[in-house]
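Observations on the three-dimensional arrangement
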Amino acid sequence: MTKNIFVTIAGRANAGKSSLLNALVGEKIAAVSDKPQTTRTKITGVLTKGETQFVFMDTPGMHKAKNKLSEHMVNTVNETITGVDMIILMCDCTKKISDNEKSLIASFKGGKSKVILALNKIDLLDNKEDVIAKLAEYSALYDFAEVVPISVVQNDGLDIIMDILEKNAAEGPHFFPDDKFTDQPEKVIMAEIIREKALRNLNDEVPHGVAVTIEQLGEREDRSGEAILDITATIFCERESHKGIIIGKGGSMLRKIGQDARADLEDFFQIKVNLQCWVKVKEGWRNREGMIKNFGLS
Ligand SMILES: Nc1nc2c(ncn2[C@@H]2O[C@H](COP(=O)(O)OP(=O)(O)OP(=O)(O)O)[C@@H](O)[C@H]2O)c(=O)[nH]1
């Protein structure tokens with residue numbers, strides 16, 4: 001008998017949703033950074049353990065739509081929380097409950113999906129009793145199927161989440177091959193890895209107006225017969241001044257981004273990588289529908 005369960009990970013920006021997805025699936029799929037709104041697209045992770053296949057959807061953090069890209073992100077959240085078996089609401093126990101979180105929780109009412117409250121970042125609390133107070137605050141807003149205090153970075157409580165999901169899996173087919181952990185095309189994963197490195201290395205001067213596309217991809221053998229993946233990527237930014245920052249003095253920043261990305265790409269795809277990154281300016285791309293589609297973000 002095979003079983004499956006579809007799970008959406010929802011919650012405010014920076015709560016740790018992508019980190020949770022990566023930790024549960026055990027592979028680096030979603031971009032993780034300490035800047036909010038890292039996740040732009042609905043990223044699916046698939047994990048098959050024994051007879052059960054877990055299909056995870058990661059959602060962009062809830063926030064007020066400020067431009068067209070944000071509208072797409074908010075729509076993705078709303079689409080993703082309907083029609084799944086379970087929702088994991090990721091909360092940050094160090095933060096006050098926000099209005100966005102309240103409206104997200106309100107949208108669960110009347111839905112068919114069971115909701116687990118995952119109170120994340122408990123490693124940051126000095127007083128563990130604060131956890132109980134926070135759980136009570138959230139529980140007053142919604143009748144959660146389960147509440148679990150967790151710390152993704154310390155791998156604390158994640159086994160409890162997996163047990164709950166396992167118990168809620170229903171008899172049904174595996175929709176993905178058992179050795180597959182994401183339905184994202186390779187190029188999207190590559191672009192995500194590079195974008196993550198750009199966000200990590202750049203300071204707040206170049207905020208979220210960074211997108212990455214993979215222009216060319218090819219595999220070849222080097223002289224010793226070892227396989228090499230050639231990747232050519234373009235990092236798009238919104239302003240000429242940002243381009244200078246991304247390239248850095250004598251190309252130092254771009255080199256650093258490229259080096260970091262290459263290490264992760266080699267690790268992920270288990271192949272030697274030759275990465276070339278270019279930087280281009282596309283003014284105001286975040287407000288232009290066509291470009292958003294181009295970057296695969298709608
Ligand atoms: N201390 C601590 N930090 C955490 C924990 N989980 C995640 N973080 C950090 O929180 C930050 C945000 O994590 P992400 O996984 O990118 O958060 P997200 O909810 O996917 O963010 P968006 O993509 O912006 O919606 C990162 O710096 C993580 O390392 C945790 O359990 N404890």
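Our structure is the block above this text.
As the structure is a computational prediction, the values presented were derived from the model and not from experiment.

Moving on: the nonpolar core. I194, I231, I235, I246, L265 and L275 are the most contacted members of the largest nonpolar core, which totals 29 residues. Counting residues per element, the ones that place at least two in this core are α6 (186–201), β8 (211–221), β9 (227–237), α8 (252–269) and β10 (272–281). In terms of residue count, the dominant contributor to this core is α8 (seven residues). Excluding residues within four positions of it along the chain, I231 makes contact with M190, I214, Q216, L217, L265, V273, N274, L275 and Q276. Counting 25 residues, the second-largest nonpolar core is a separate cluster that includes A15, I116, M162 and L165.

In terms of burial, strand β1 (residues 3–11) is a largely internal element, eight of the nine residues being buried. Of the pairings in the sheet, the one linking β1 to strand β7 (residues 170–171) comprises two bridges and is antiparallel in character. Bridging from a neighbouring strand, K3 pairs with E171 of β7. Note that β1 and strand β4 (residues 86–92) share five bridges and pair parallel. What sits directly across from I9, in β4, is I88.

The full count for this structure, using the stated rule, is 13 salt bridges. The partner of E101 in a salt bridge is R12, with the nearest N and O atoms 3.1 Å apart. You can see E101 sitting in helix α3 (residues 99–108) and its partner R12 sitting in the loop between β1 and α1 (17–25), a full 89 residues away along the chain. With respect to burial, E101 and R12 carry one shared label: buried.

The next thing to look at is the packing of helix α7 (residues 240–247) against α8. Viewed as axis vectors pointing N to C, α7 and α8 meet at an angle of 65°, and their least axial separation amounts to 4 Å. Touching I245, I246 and I247 of α7 are S252, M253, L254 and I257, all from α8. Per-class residue counts for the contact of α7 with α8 are six nonpolar, one polar and no charged.

For α6, spanning 16 residues, the distance from its first C-alpha to its last is 23 Å, which sits close to the expected 22 Å at 1.5 Å a residue. Within α6 the residues assigned to the buried category are I189, M190, A191, E192, I193, I194, R195, E196, K197, A198 and L199.

On to the state of the cysteines, then. Counted by the stated rule, this structure contains zero disulfides. Unpaired in this structure, C93 has its nearest cysteine sulfur neighbour in C91, at a distance of 9.5 Å.

Of all eleven residues in β9, nine are buried, a share of seventy percent or more. Across ten bridges, β8 lies against β9 in antiparallel orientation. Bridge assignment links Q216 to a residue of β9, and that residue is T232. Counting the residues that bridge the hairpin from β8 to β9 gives five residues, and of these G225 lies at a positive phi of roughly 90°.

What follows covers the packing of α6 against α8. The interhelical angle for the contact between α6 and α8, taken along N-to-C directions, is 140°, at an axis separation of 9 Å. Classified by the angle between their axes, α6 and α8 sit oblique to one another. The element α6 and its partner α8 pack so that their crossing is right-handed. Contacts between α6 and α8 involve E186, I189, M190, I193, I194, E196, K197, A198 and N201 from the first element and M253, K256, I257, D260, A261, D264, L265, F268 and F269 from the second. Each residue belonging to the contact of α6 with α8 can be placed in one class, and the counts come to eleven nonpolar, one polar and six charged.

Another point: the sheet that holds β9. With respect to topology, three strands assemble into an open sheet ordered β8-β9-β10, the strand pairing being mixed. For this open sheet the edge positions go to β8 and β10, each flanked by a neighbour on one side alone. Across the sheet, the mean angle from the axis of one strand to that of its neighbour is 15°, orientation sign disregarded. Against the sheet, α7 engages β9 and β10, with an angle of about 155° to β10.

So, about the packing of aromatic side chains. Applying the stated criterion across every chain, the model contains three aromatic pairs. On the numbers, 6.4 Å between centres and 5° between planes, the contact of F54 with F56 is stacked. Note on accessibility: F54 and F56 belong to one class, buried. Taking 5.2 Å as the distance between ring centres and 65° as the angle between the ring planes, the aromatic pair formed by Y142 and F144 counts as edge-to-face. Counting every residue linked through ring pairs, the aromatic cluster contains F108, Y142 and F144.

A few words on the side chain of S151. By secondary structure assignment, the location of S151 is in the loop between β6 (146–149) and α5 (158–168). A distance of 2.8 Å separates a polar atom in the side chain of S151 from a polar atom in the side chain of D123. From its side chain, S151 meets the backbone nitrogen of Q154 in a polar contact 3.2 Å long. Other than its neighbours up to four places away in sequence, S151 contacts N120, K121, I122, D123 and D156.

The rules behind each value
- Residues numbered from 1 in each chain as written.
- Predicted model: local features only at pLDDT ≥ 70, side-chain atom pairs only at ≥ 80, totals over all residues.
- Heavy atoms only, no water.
- Core = buried A, V, L, I, M, F, W, Y, C linked by side-chain atoms within 4.5 Å.
- Buried < 20%, exposed > 50% of the residue type's maximum accessible area, 1.4 Å probe, protein only.
- Helix = DSSP H or I, 4+ residues; strand = E, 2+ residues; numbered from the N terminus.
- Contact = heavy atoms within 4.5 Å.
- Pairing = 2+ DSSP bridges.
- Salt bridge = Lys/Arg side-chain N within 4 Å of Asp/Glu carboxyl O.
- Axes fitted to C-alpha atoms, helices over the stretch in contact; angles between N-to-C directions.
- Nonpolar A, V, L, I, M, F, W, Y, C, P; charged D, E, K, R; others polar.
- Expected span 1.5 Å × (residues − 1).
- Disulfide = S-S within 2.5 Å.
- Parallel < 35°, antiparallel > 145°, perpendicular 65-115°, else oblique.
- Left-handed = near helix turned anticlockwise from the far one by under 90°.
- Phe/Tyr/Trp six-rings, centres within 6.5 Å; stacked < 30°, edge-to-face > 60°.
- Polar contact = N/O pair within 3.5 Å; in protein donor to acceptor, adjacent residues only side chain to side chain.

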